[in-house]
Amino acid sequence: MDAFAEGTPCWVDVSLPDLEAGKRFYGELFGWTFGRARGMEDGHYTVAFSGGKRVAGLIAKRDGRMPTVWTVYFATSDADALSERIRETGGQMVREPLAVGRFGVMALAADPAGAVFGLWQVSEDLGFEKTGLPGSFCWAEVYTRDKESVDPFYEKVFGFRGTDLPGDGVDFRLWSPAGSAPGSDSAIGGRSVITDAFPAELPGHFLSYFSVDDCDETAAAVVRLGGRITAPPFDIDYGRMAGLLDNQGAYFAVLAEPKRGPERPREPEAEAVAGAGPAAGERAAEGAEPGAGAGPERAAEPEST
């Protein structure tokens, strides 16, 4: 697999109070299996696999004050230079670049409105091995109350090219990587606005989406496994989605793409992030605190849940 392009999502992980409970939850929900990260002798970082391919990380929180949250990481070839650009553009570093063994360099940053995201500079670990297919990451978007500061921030820091969705219903901007033609075909993420429909205390945050075969069945499974539905399944232009909380309080979303009819030729399935562009908009309910996570790690051999 080639290295990820600058500014594209290359990894996600979730910080949890109970790692074993998280493995049981996501193992049953997405069919994930798990392996320890090499070089992490205390085993606090676990890598999740779907079909034997890396899809996410699970972290055992060492400090109860840390949020329980999914964190998305963006690829960079130079974490130090990108960290400096983040500061110069009005953001701040939550965790300065840190070498993670021989695998790469990770960092955590916050945009001008406080949404936290990760940086990952690849060395031996390329992050995702599977995206855009059921059981894997497919999309990320930032929710903010200050689009006037946040839009230019990401477009200067990562060189994103923005496309505003037409219409008056949802204030949503698609982001395409630097050097690409902006639009839904190339989009790798987006920005949504936190409106009065959201709780007043909800801060700026990123929301990670995972692809599933059936949105309604997945939402029902979340409840059965001890989680909660925050935005019941509903249809959008890109399929059917739902906002969910796992059994420990981490917020995420799922998306089931529309079933293609037999009269339409099937698009090749890509092993890259699909430009789905889902925007929860007014229907999104409860959010999660922005949070921190450990950096991506190269996994050991997959093992069963």
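Provided above is the structure to which this section pertains.
Residues numbered from 1 in each chain as written. Predicted model: local features only at pLDDT ≥ 70, side-chain atom pairs only at ≥ 80, totals over all residues. Heavy atoms only, no water.

Checked against the element boundaries, A221 lands in helix α4 (residues 215-224). Between the C-alpha atoms of A221 and F30, which are 191 residues apart in sequence, the distance is 9.9 Å. (Helix = DSSP H or I, 4+ residues; strand = E, 2+ residues; numbered from the N terminus.)

Turning next to the packing of helix α2 (residues 79-88) against helix α3 (residues 147-157). Interaxial distance between α2 and α3 falls to 10 Å at its minimum, and their mutual angle equals 155 degrees. The orientation of α2 with respect to α3, classified from their angle, is roughly antiparallel. For the pair α2 and α3, the sense of crossing is right-handed. Together, L82, R85 and I86 of α2 and F153, K156 and V157 of α3 make up the contact between the two elements. Looking at side-chain class alone, the contact of α2 with α3 contains 4 nonpolar, no polar and 2 charged residues. (Axes fitted to C-alpha atoms, helices over the stretch in contact; angles between N-to-C directions. Parallel < 35°, antiparallel > 145°, perpendicular 65-115°, else oblique. Left-handed = near helix turned anticlockwise from the far one by under 90°. Contact = heavy atoms within 4.5 Å. Nonpolar A, V, L, I, M, F, W, Y, C, P; charged D, E, K, R; others polar.)

This model, assessed by the stated rule, comprises 14 salt bridges. Put simply, R224 and E28 hold a salt bridge, and the shortest N to O gap is 2.7 Å. Residue R224 is found in helix α4, and its partner E28 is found in helix α1 (residues 19-30); the two are separated by 196 residues along the sequence. Residue classification places R224 among the exposed positions, given a relative accessible area of 56%. R65 is paired through a salt bridge with D63; the nearest N and O atoms lie 2.8 Å apart. With a relative accessible area of 75%, R65 lands in the exposed category. Among the ionic contacts, a cluster of salt bridges with common partners joins K147, D151, E155, D164, D171, R173 and R191. (Salt bridge = Lys/Arg side-chain N within 4 Å of Asp/Glu carboxyl O. Buried < 20%, exposed > 50% of the residue type's maximum accessible area, 1.4 Å probe, protein only.)

Right, let's get into the sheet that holds strand β1 (residues 9-16). Across the sheet, which stays open at both edges, the 8 strands sit in the order β2-β3-β4-β1-β5-β8-β7-β6 with mixed pairing between neighbours. Looking at which strands have only one partner, the edges of the open sheet turn out to be β2 (33-36) and β6 (92-100). Neighbour to neighbour, the strand axes of the sheet diverge by 30 degrees on average, direction disregarded. Each of β1, β2, β3 (45-50), β4 (53-60) and β5 (69-76) touches α1; the most contacted strand, β4, lies at about 145 degrees to it. (Pairing = 2+ DSSP bridges.)

Attention now goes to the nonpolar core. Among the nonpolar cores identified, the biggest contains 67 residues, and Y26, W32, W70, F117, Y154 and F252 are the most heavily contacted of them. Grouped together as the second largest cluster of nonpolar side chains are 19 residues, W139, I194, Y209 and A253 included. (Core = buried A, V, L, I, M, F, W, Y, C linked by side-chain atoms within 4.5 Å.)

This next bit is on the sheet that holds strand β14 (residues 228-236). Read from one edge of the open sheet, 8 strands run β10-β11-β12-β9-β13-β16-β15-β14, paired in mixed fashion. The sheet is open, and its two edges are formed by β10 (161-164) and β14, each paired on a single side. Averaged over all neighbouring strand pairs, the angle between strand axes comes to 25 degrees, with direction disregarded. Pairing between strand β9 (residues 137-144) and strand β12 (residues 189-193): 4 bridges, direction parallel.

For the rest of this paragraph, the subject is the side chain of S180. On the secondary structure map, S180 appears in the loop between β11 (172-176) and β12. If we ignore the near neighbours within four places in the chain, the residues touching S180 are R161 and S186.

What follows deals with the environment of A3. Note that A3 resides in the segment before β1. We classify A3 as exposed; its relative accessible area is 56%. In this structure, the C-alpha to C-alpha distance between A3 and D125, residues 122 residues apart in sequence, is 9.2 Å.

On to the packing of aromatic side chains. Throughout the structure, instances matching the rule amount to 30 aromatic pairs. Taken together, the ring pairs in this structure connect F74, F117, F153, Y154, F158, F160, W175 and F206 into an aromatic cluster. (Phe/Tyr/Trp six-rings, centres within 6.5 Å; stacked < 30°, edge-to-face > 60°.)

Moving on: α4. Of the residues making up α4, those classed as buried are C215, T218, A219, A221 and V222. Down the axis, α4 shows its buried residues gathered within 160 degrees of arc, on one side only. Facing away from the buried side of α4, by more than 90 degrees, are the exposed residues E217 and R224. At its buried positions, α4 is contacted by α1, β14, β15 (239-245) and β16 (251-256). The backbone nitrogen of D216 has a side-chain oxygen 3.0 Å away, supplied by the residue at the start of α4, namely D214. At the C-terminal side of α4, G226 shows a positive phi close to 100 degrees. (Arc of directions from axis to C-beta. Polar contact = N/O pair within 3.5 Å; in protein donor to acceptor, adjacent residues only side chain to side chain.)

Okay, the side chain of E141 next. Its location among the elements puts E141 in strand β9. Here E141 sits buried without a salt bridge, and the closest side chain of opposite charge, R191, lies 10.0 Å off (N-O distance). In terms of polar contacts, E141 uses its side chain to reach the side chain of Y209, at 2.7 Å. (Lys, Arg positive; Asp, Glu negative; His and termini not counted.)

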